[in-house]
Amino acid sequence: MKKKIITLSAALFTVFMTVSCMLFESRPETLDGNLSIRLCFTVPSDTDSTAVTPVEDLDVKIYTTDYSIPEMHALTDSAGVVLFEHLPYAYYNVEAYSILHPSEFEEIEVVGAKALNLTADSLGTDSVYTDTLCMEQSKRGLKINEIYTSGPPNNIFYFYDQFFELYNGLSETVYLDGMIFLRLGTTPLFSDTLSVTYIYQFPGTPLTGRQYPVEPGAFVVLAGNAFDHNQIGPIAGKTVDLSDAEWEFVNRIESGAYDNPNVPNITTNNGRVSQESKVDFMVGVTGDALALCDGTDYDQTDGIDINTVIDAVEYSSSPTHIKELPYALDASYGGVGQNKYAGQSLERIRPGFDTNNSRIDFVVINAPTPGYHHDE
Ligand SMILES: [Ca+2]
Ligand SMILES: [Ca+2]
Ligand SMILES: [Ca+2]
Ligand SMILES: [Ca+2]
């Protein structure tokens, strides 16, 4: 089976590898722990749905922030196993990403990830932690692919250049007709409905409408305001031209709302969905939760049914942020470490890559990429 290991950034990866190998080889004993972590990575078998296949030569990364230990990497052996030794008891994150080719024409992206809270108490006298991780396949579909909210480099608190990018990862055309886009309110983590702060809707009829197609592999830019933000003096040359966005958000009760006549509108207070706030669809610069829903449930008075959610993403720059999107939609949140007013953006590691775990699926990128992917 042909496999290719992809990293977030080849250059960064090389640096990490070099640093971690140097430190790891030169002073393994200084870690001075007696914990070993033995992990087996598998994927569901191509031929037998009840069986699994070990993943060989997989680059597995583990890291902890409890101690100043460098990130560690190792490759799985033919049994899909890696072993990390001489570790202190700590909270570890395990991550591995790979593209598998089950056949010449087929490509699947898989991720294996787990957070391990390993204490002497939890392991008893046994200092070896053993686990098997069945790698998850990216779920294809229409996705929220990029979230640009943090503002361009500026000291006037300008963040009105926000946009959201969708990507169709399916092999068939999908239709935006009647879909709704939400800025969520605080929602209980195990709730089956979403509370709403802002709710906007595409024109057309949910599910059956065929007026607003998105072709396979296409990106769709949803602008807060569809103009060239470089026209604003202090940020000229530092931000995005959204005058060619596919869509823009317009609140019909916002006085003096910007409305580019050449860009169709996603609206609120349109007679079907409504928000009390008279402000535009603007979201938290470095933290919020968003959802794209099919629009069959648009009555927000009792919340929006999570079964209508097409994709939902939570993000926060804070490593200690308390999650607010149900686990069923997003197991974690992306964007840790993103800076305000630095022109950074949050994008999926590959177009449409989605395991419903935003900490894995999203990376912080140094400039927004409206209508394309940062790896292109
Ligand atoms: Ca607007
Ligand atoms: Ca418009
Ligand atoms: Ca998702
Ligand atoms: Ca993009």
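Small disclaimer: the values here were computed from a predicted structure and weren't measured.

### Side note on the overall build of the protein
Reasoning step 1: Regarding its fold elements, the protein presents 4 helices and 25 strands.
Reasoning step 2: The C-alpha atoms of the protein give 22 Å as radius of gyration, which agrees with the globular expectation for 376 residues (21 Å, within 12%).
Reasoning step 3: With respect to the principal axes defined by its C-alpha atoms, the protein has extents near 65 × 50 × 40 Å.
Reasoning step 4: At a minimum sequence separation of 6, the contacts of the protein that also span at least 24 residues come to 65%.

### Remarks on the pairing of strand 16 (residues 196-201)
Reasoning step 1: Counting buried residues along strand 16, 5 of its 6 residues qualify, which places the element largely inside the surrounding structure.
Reasoning step 2: For strand 14 (residues 180-184) and strand 16, the ladder comprises 5 bridges, and the chain directions are antiparallel. Across the sheet, the residue bridging to Leu182 is Ile199, located in strand 16.

### Some points on the domain arrangement of the protein
Reasoning step 1: Domain annotation of the protein identifies domain 1 (2-137) and domain 2 (142-365).
Reasoning step 2: Computed from C-alpha coordinates alone, the two centres of domain 1 and domain 2 are separated by 33 Å.
Reasoning step 3: Taken together, the contact between domain 1 and domain 2 spans 6 residues of the former and 7 residues of the latter.
Reasoning step 4: Sorting elements by how many residues they give to the side of domain 1 that touches domain 2 places strand 8 (residues 106-118) first, with 3 residues.
Reasoning step 5: Across the side of domain 1 that touches domain 2, the residue classes tally to 3 nonpolar, no polar and 3 charged.

### A short note on the nonpolar core
Reasoning step 1: Counting residues in each nonpolar core, the largest one holds 54 residues, and the members touching the most others are Phe163, Leu182, Tyr200, Leu222, Ala245, Leu290 and Ala291.
Reasoning step 2: If sequence neighbours within four positions are ignored, Leu182 has contacts with Leu194, Val196, Tyr198, Ile199, Leu290, Ala291, Cys293 and Ile304.
Reasoning step 3: Core analysis: the second largest hydrophobic core is formed by 24 residues, Leu35, Val55, Ala96 and Val111 among them.

### Some details on the environment of Phe84
Reasoning step 1: Here Phe84 shows up in strand 6 (residues 81-87).
Reasoning step 2: Linking Phe84 and Leu39, residues 45 residues apart in sequence, is a C-alpha distance of 8.7 Å.
Reasoning step 3: Every residue in contact with Phe84, bar those within four places of it in the chain, is listed here: Ser36, Ile37, Ile62, Met72 and Ala74.

### A short note on unusual backbone geometry
Reasoning step 1: If you check the backbone angles, Leu207 has positive phi at about 70° while not being a glycine.
Reasoning step 2: One can find Leu207 in the loop between strand 16 and strand 17 (213-214).
Reasoning step 3: Judged by the 13 C-beta atoms lying within 10 Å of it, Leu207 is partly exposed.
Reasoning step 4: The phi torsion at Asn269 lies on the positive side, around 55°, for a residue other than glycine.
Reasoning step 5: Asn269 gets classed as partly exposed once you count the C-beta atoms within 10 Å, which come to 18.

### Considering the environment of Phe105
Reasoning step 1: Here Phe105 is to be found in the loop between strand 7 (90-103) and strand 8.
Reasoning step 2: For the pair Phe105 and Asp305, spaced 200 residues apart in the sequence, the C-alpha separation amounts to 37 Å.

### Some remarks on the environment of Ser150
Reasoning step 1: Along the chain, Ser150 falls in the loop between strand 11 (142-148) and strand 12 (163-168).
Reasoning step 2: Sequence separation of Ser150 and Pro368 is 218 residues, and the distance between their C-alpha atoms is 9.9 Å.
Reasoning step 3: Leave out the neighbours within four places in its chain, and Ser150 touches Val285, Thr286, Gln338, Asn339, Lys340, Tyr341, Ala342 and Gln344.

What counts and how
All chains use their own residue numbering, which begins from 1 and follows the written sequence. Following the order in which they are written, the chains are lettered starting with A and the ligands numbered starting with 1. For this predicted model, a pLDDT threshold of at least 70 governs which residues receive local features, and a threshold of 80 or more governs which side-chain atom pairs are given and counted, while totals over whole chains, interfaces and linings are taken from all residues. Starting at the N terminus, helices and strands are each numbered in turn, a helix being any DSSP run of H or I of at least four residues and a strand any DSSP run of E of at least two. Taken over C-alpha atoms, the radius of gyration is set against a globule rule of 2.2 Å times the number of residues to the power 0.38. Contact definition: two residues whose C-beta atoms, as placed from backbone geometry, lie within 7 Å. For the exposure call, what matters is how many other C-beta atoms sit within 10 Å of a residue's own: 20 or more marks it buried, 12 or fewer exposed, and in between partly exposed, using C-beta atoms placed from the backbone. Strand pairing is defined by DSSP finding a minimum of two bridges between the two strands. Start and end points for every domain follow an automatic or database-based domain assignment. Each residue gets one label: Ala, Val, Leu, Ile, Met, Phe, Trp, Tyr, Cys and Pro are nonpolar, Asp, Glu, Lys and Arg are charged, and the others, such as Gly, are polar. A set of buried residues qualifies as a nonpolar core if it consists of Ala, Val, Leu, Ile, Met, Phe, Trp, Tyr and Cys joined through C-beta atoms within 7 Å.

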